[in-house]
Structures are given as structure tokens and as C-alpha cells.
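These are the residues of each chain, in order.
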Amino acid sequence: MSVFIFLLLVLLFCILFVWTKILLPQKHLRAQHQELNTIAQRQLTEDEGRLCRHYLQQRSPSPTSFVHRLLYKTNRSRNVCTLRDKSVYIINHSITHYSLSASVPERNRYYLDALEVQLPPNGQPFIAADNTIELVYTNQLPLIIGLNGHRLLDDIENTAPPATFSTATDTSIRKETSERVTIVDVRRQSFEEYTLSHEKNISEALILCCALLLIFCSLLTPLKLMPWILLISVLIILPCLWFMYRRPPRSHLQEIRTMRGLLKPWGLFGEANPKQQSLSLGIIDLYYPEHWYPYIQQDIGKETIIEVDGQNRVVKHGALLSLTNEVKRFPLQNWRHNLTLAAGSLVILIMTTSWLPTGISFNIALARLQGEQHVTVSNVEQLTQHTLHVGDVINIKGTGRCIVPHTYQSNRTYDFLPFDCSTIYWNKNHASTLPPSLIIAQTQALLATTSQQLAPENNDLKGINPQLASAIQKSGMILLNNFADIVLKTAQLCSANEDCLRLKSALVNLENAKDWPHLVDQAKSGKLDGLNVLLRPNSAQNLTSLVDAATLTFMSNETRKTIESLSHLPKAGYLFINGQGKLLVDQEQPETSLFDLAPATQWKELQRISTQLLNTPFTLSGIITSLQNDSQGTLHVVVHQEPNSNALWRYIITTLFLACLVVLIVVNTLLGIHRLRRDFIRYARIQDDYNTAIANASPLLLSHLKNDG
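Residues numbered from 1 in each chain as written. Predicted model: local features only at pLDDT ≥ 70, side-chain atom pairs only at ≥ 80, totals over all residues. Heavy atoms only, no water.

1. A look at a nonpolar patch on the surface
Taken together, the side chains of V662, V663, V666, V667, L670 and L671 make up a nonpolar region of the molecular surface, amounting to roughly 490 Å² of accessible area. Here V666 is to be found in helix α21 (residues 645–696). Classification of V666 as partly exposed rests on a relative accessible area of 44%. (Patch = residues over 30% accessible without salt bridge, like charges linked within 9 Å, V, L, I, M, F, W, Y side chains within 5 Å. Areas by Shrake-Rupley, 256 points an atom, 1.4 Å probe, with all protein chains shown as cover. Salt bridge = Lys/Arg side-chain N within 4 Å of Asp/Glu carboxyl O. Helix = DSSP H or I, 4+ residues; strand = E, 2+ residues; numbered from the N terminus. Buried < 20%, exposed > 50% of the residue type's maximum accessible area, 1.4 Å probe, protein only.)

2. Some words on the state of the cysteines
Applying the stated criterion across every chain yields a total of two disulfides. With a sulfur-sulfur separation of 2.3 Å, C402 is cross-linked through a disulfide to C421. Taking the torsion about the S-S bond as the criterion, the C402 to C421 disulfide, at about 110 degrees, is right-handed. With C402 in strand β17 (residues 393–403) and C421 in strand β18 (residues 420–426), the pair connects residues that are 19 residues apart, well separated along the chain. There is a disulfide in this structure between C494 and C500, and the S-S distance comes to 1.8 Å. Disulfide C494 to C500: torsion about the S-S bond roughly -65 degrees, handedness left-handed. Note on accessibility: C494 and C500 belong to one class, buried. With no disulfide partner, C210 has as its closest neighbouring cysteine sulfur the one in C209, 7.0 Å distant. (Disulfide = S-S within 2.5 Å.)

3. Some details on the pattern of salt bridges
Applying the stated criterion to the full structure yields eleven salt bridges. Close ionic contact of R42 with E48 constitutes a salt bridge, the shortest N to O distance being 3.0 Å. Residue E48 is classed as buried on the basis of its relative accessible area of 14%. Here R42 and E134 are joined by a salt bridge, their closest N and O atoms 3.1 Å apart. Pair noted here: R42 is in strand β1 (residues 40–43) and E134 is in strand β6 (residues 131–136), with a separation of 92 residues, a long-range link. In this structure R42 comes out as partly exposed when scored by relative accessible area, which is 24%. Among the residues examined, E134 registers a relative accessible area of 15% and is labelled buried. Linked through salt bridges whose partners overlap, the residues forming this network are R42, E48, E134 and R151.

4. Some thoughts on the sheet that holds strand β7 (residues 143–147)
With antiparallel pairing, the five strands of this open sheet are ordered in space as β1-β2-β6-β7-β8. Edge strands, defined here as strands with exactly one partner in the open sheet, are β1 and β8 (150–151). One ladder, built from five bridges, connects strand β2 (residues 87–93) with β6; its direction is antiparallel. Pairing of I90 across the sheet is with E134, part of β6. (Pairing = 2+ DSSP bridges.)

5. Details of helix α8 (residues 226–245)
Its 20 residues place the ends of α8 29 Å apart at the C-alpha level, agreeing with the 28 Å of an ideal helix rising 1.5 Å per residue. Residues of α8 that are buried include every one of M226, I229, L230, S233, I237 and C240, and no others. Relative to the axis of α8, the buried residues are bounded by an arc of 100 degrees and lie together on one face. Exposed residues lying more than 90 degrees from the buried face of α8 are W228, L235 and L238. (Expected span 1.5 Å × (residues − 1). Arc of directions from axis to C-beta.)

6. A look at the side chain of N338
As for its position among the elements, N338 is in helix α11 (residues 335–355). A relative accessible area of 4% places N338 in the buried class.

7. Thoughts on the packing of aromatic side chains
Evaluation of the coordinates by the stated rule reveals nine aromatic pairs. Here W426 and F576 contribute two aromatic rings whose centre-to-centre distance is 6.0 Å and whose plane-to-plane angle is 50 degrees, an arrangement assigned as tilted. Of the two residues, W426 is situated in strand β18 and F576 in strand β21 (residues 574–578); the sequence distance between them amounts to 150 residues. For W426, a relative accessible area of 2% gives the class buried. Classification of F576 as buried rests on a relative accessible area of 0%. Three or more aromatic residues joined by ring pairs form one cluster here, namely W426, Y574, F576 and F618. Residue placement shows R682 over the ring face of Y683; its charged tip is 5.6 Å from the ring centre. (Phe/Tyr/Trp six-rings, centres within 6.5 Å; stacked < 30°, edge-to-face > 60°. Lys NZ or Arg CZ within 6 Å of the ring centre and 35° of its normal.)

8. A closer look at the pairing of strand β4 (residues 108–112)
For a regular strand, side-chain orientation follows a simple rule: the groups alternate between the two sheet faces. Among the five residues that make up β4, five are buried, leaving the element largely enclosed by the rest of the structure. Burial of β4 is two-sided: the residues N108, Y110 and L112 facing one way and the residues R109 and Y111 facing the other way are all buried. Bridging between β4 and strand β5 (residues 115–117) involves three bridges; their strand directions are antiparallel. When the sheet's bridge partners are listed, Y110 is paired in β5 with V117.

9. Some words on the packing of helix α16 (residues 483–493) against helix α18 (residues 516–525)
At a minimum axis distance of 9 Å, the contact between α16 and α18 shows a crossing angle of 120 degrees. When the axis of α16 is compared with that of α18, the two are oblique. The chirality of how α16 crosses α18 is left-handed. Together, F483, A484, V487, L488, T490 and A491 of α16 and W516, L519, V520, A523 and K524 of α18 make up the contact between the two elements. (Axes fitted to C-alpha atoms, helices over the stretch in contact; angles between N-to-C directions. Parallel < 35°, antiparallel > 145°, perpendicular 65-115°, else oblique. Left-handed = near helix turned anticlockwise from the far one by under 90°. Contact = heavy atoms within 4.5 Å.)

10. Description of the nonpolar core
L383, I394, I396, F419, W426 and F576 are the most contacted members of the largest nonpolar core, which has 35 residues in total. Counting 29 residues, the second-largest nonpolar core is a separate cluster that includes V487, L507, L528 and A550. (Core = buried A, V, L, I, M, F, W, Y, C linked by side-chain atoms within 4.5 Å.)

In C-alpha cells form, the structure reads like this:
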């Protein structure tokens, strides 16, 4: 079962990995293709692939110091620009060009609507009003490898790029003369802006939950696999923690562009929005934080300086509105991370406590850490001189009593039913046999006299007229020569009026008596002595069946009551319980279970097995995992087999894992609730801060803010 669960978890992890790393990026690509109206698609040739890789390698930054080189190798998949797939997408689209310097090609920016693309330096002269573009996707920005029939990478390899570019090519770029946008500066994201862009990221919490799940799986696997799975879990947790608390490297920070332009209340191809919630700067649609809208209304229709990231999200507007300052003054409350980790830890804790013996692991591990004493005894007097503690190693050889449990567990087998010999009661005195039962004696007496008189081979015809005896033998009839004895033994057994009604009625009919009390009085007075009752074979068989049915009920009830009385233990003493359910006695097991025997045989088997198990030698050796006194003064001692070094390490790791899960649940739940409450009031506090800043600003500063940009 544990192997199946482990394989199922591994399969789910693989499915999650494929979905996040392959299927979702492909879905994102398909969405971009639909937005750009891709008209054709082909495969990248080997020569084009070589040129693309060569170009991207040349454009990759080269680290200088040792630390930079180490970080560069650690994050190589994100630092190095590589091809995402081997497909070339052909589209018809206009190209928007922004330039900070006409003489520095690296400071040029090219866009297809709001999507930024890479254009080789020799591609600018070929830009037209309407362009046929061949595009490949990389793990960073898409790369244009062909423009209006020109193979740009071939030109770069064969000829050196010009040092400067002529401004005559400006006529081929889409002009926005009435909506001119100027890029004033380009910088990298601040740490606060990077944190804000990853506010809803819970990937680290999910990875930590997966690592905890792997640790749980390792506790179910064989000991040979356990260290390797634990090592994999640690190798997942440590880098994840490092990524959570490190400052992001420069290569992970987006570019922030400082732009100057006319702020308008509509999108690139949209209509005017009366709510003024959709704003644009030139042809660029902007995405403002919602709580900024009350403070930017006065700047709509005016030239404004703003800072935007790669997704056209505004991070700073004028001199007052700044996301960086917001995060510094009112830190982000990442409650999603805490609650995700708490929920994942809770699920794993439930799985651990359900499928692993956590109580035994905790007790054994705690005992090993605290130290233990060794107790070796052979009688109760010696044991009473010791004070037992959880974790003590105990060795006992003595004579005790297997118990009869009050309830039987469905997931266990009992070899000595109704006794459970994995639990031994130990005291000074033990009853070695069952006490005598009057009901059983009366039942056996009735069966004996009935079987003796009704059996054909026991048909005694002495003292009867020879002619009558000969007639009885020829007819096959049966003679009851001691009918009074049957009546008296039935009266002793069935003393209550409601007992044995059918048997009593049959006996009354055989004698033609008035009723049952009258028949009993006749038998007691001796009036039935010497009375012979003649029965046909079928009548004799019916009488035998009635006697068997009556005695069956009494024997079954008496056996059940006796077994129930055996379940009540004397006061005081010790009750030793094997925590693994193993037998503590070395006795021959019965071939047939007690309850599978006939009721008449059950009592005899119960007598035999009680004589064997009510005073039986036992051997107990192991470590104490639980101690408990009941209301009768009996000390319940749960003993588990003393673990070897490998099992002990498993118990210690299980205990530490449980402690870590509990700490993670408590700490992350408290932090998550606290941060969630603070997150609810964060934007209200930010707006109050802006209102206070505006109210306390000088008129000169207010006029500067209004006229800024």
C-alpha cells in the first residue's frame, strides 16, 4: 500500500511539473500568436538555429567577478537567452520604435503593439509602415530574424554592423507626431518593485509542500531508499529557502522606462472611457494601480512623466505616487505564502498520523533522548520494587494469565479465542481453572438421561411381559423406563415458567397430566416411579430434538456469561500489552476456533483452553511506550519491540518531522491571519498617507506637482 501511495505521489508531481513547465508556456505562446495574428508558421532550419544561438550568445552579459560568475552559473537558465522552440512565426505587423540615443543601438526599443521584441542592429533600415516579420521565441524577448525579406542574422555574420544609423530611416517608422512619447531614462527595477510584481507568487510554498510530501513518502519506503529520498528533499528545501530570502540578481530585474508624454483616457484602438479607468501614453496602454486613480485625474490631458515596467504597469507617477515608497512605508503582507504552507503542512500531518505509528515513534524517540533503565524480573514482588517509566527496557519471564478482551478488533486475528495472548495479566495469585457451573451440570444431566433412555441400543425391556417385549421389539418402538427422571431433571434446568415451554408441553402430553406443575408434583411424590412410556420412533426423535434445543440455549448462554466473567480482571497487578500484537506465550494453538464448535462442545473446549491459559508461562522483552493506571489499580504497560539502530533513526526522523509540521502549521497560521488582517487595511493606510501628504504640502509644491511633466 505504501509503495502504491509513493508511486501515485510521484506521478502527481510529474504531472504538475509538465503542466507548469511545458503546457502553460505553450498556452501562453498560443495566446500571443492569436494577439499578433500569425499568418504562417514553419520550422527553423539548422543554419538559422546556429545563427540564432550565436547571436544570442554574443548578446548575453559576461560576468566579471567570481561572485558574479558563480551566480551566473547558478541561474544560467534565466541569465542566458536561449530559443524556446524551433518554430518560426510569420506575421504582418507595424513596428513601433523608441530611441534614447540614435548613436547607441543598445538603447533602442522595438514593439509590436505592447509586446517588446529584439531587433538586430542592422534591421532598423528595413522597417516600413507595414512589415512582414519572421519571429522566433526565446526565454526572454522574441527575436526578429527576418524583416521584409531580409535575413538579418546572415547580414550580421557576413558584414560588420554600421557604427551609426542614418535618421533618414525615420520615415519608415510609424509616426505619432501628435502623440509623441519620449523615453527619458531606463533603469532596473528596485527591490520593492520586484517584490510587488511577485506579490501573489506562492511557488516557493508549493515547492516546500512537495519537499515535505517527499519526506513523508520516505517514511513509508524501505530503509535502503529512505536516506536518498531525504537527501532529495533537503536538496529541494535548502535552495528554495535561499531563493525565498535572497535579493534578486540584476538579471532578474525588469527594465523600468521613464517616459514623458501626453496622458489620455483611452486605449490604443479603444474609445473614450467615461470612467477614465483606461489610460494611455501615446500608443501605449497603461495599467495604473486602482488606488491611484483619485490622484491622477488632474494630470489627464497633460504632459506627464511616468515610469513603467515591461508589462506597461505604472510604478511611478510624478513626484508623489510611487510604488517603491509604498512598499517601503507599508510592507507587503504575503499571507498567501503562509496560508498555503500551513494548509499543505496540515494535510501532510493528517496523512502522517493516519498511516504511521506516530505515538510509538514519539515515545521511543523521547525515551532515547531522556535515557532509559533496564528492568529484568521473574516475579511480581521484584517488579514492585521498580518504578517504571516510559522508555525503560523491560525483560520478564513469569507465569501470568491471557486476558479475554471486552471488544475484539476486526483487523486482528486471535489464535486462542476467546483469549488474547498478546496481553498478559500478571499478579501474585491466578485462578488456574474455570469455576464449576450448576447450569452446565444440570444440562449435562438432562442430556445424559435422555440419551440413555431414547437411544435404541439402550432400550431396556427387562421386567416386562415377554410377549409385550417381543411386540415392542418387532414394532421398533422405544420404551422410557424412567420417565420420572426426565421430568425431574427438566424441572431443575427449566425452573422459570417461560423456560422450555415446548419440552414441558410434550412431557405433559406423554403422561396425559393436567399441567406441568401437576406432573412435577407427581414425579416428586413418586407416583411416576415404575411408569413406562412407550414412544414411536418419530416421537422419540421429536423428544430428542426438544431436549437438544432446550439444552442448547442454556449451554450457549452459560458459555457466554462465563466468557464475559473472564473479561473482568482482579484488582491491582500489571497488564502487559504487546504494542505490535505479537503473542507473549508459547502454547499449542487449537485446530478449531471455539466459536466454530457445537454449543455442547464449546464448554468442554473453554474448560480445556482456560486450564491452559489462565496460568501460563510468558516471556516479555521490549521498551515501554505507554504507562496508565485504571480505576481498579491495575497498571497498563504497553511494550514495543526494542528497535535496532535503523528503526530507531526512522522513529527519530518521524518525531522531528511531526514537530516541524506542528511548528509550521502554528507559525504560518498565526502569521497568515495577522498578515491577512494587515493586508485588508494596507490600501486604506496608503490612501490616508497620500491624503496627509497632499494636505501638508506647500502651495508651491502643489503647483509644481500639478505642472510637473
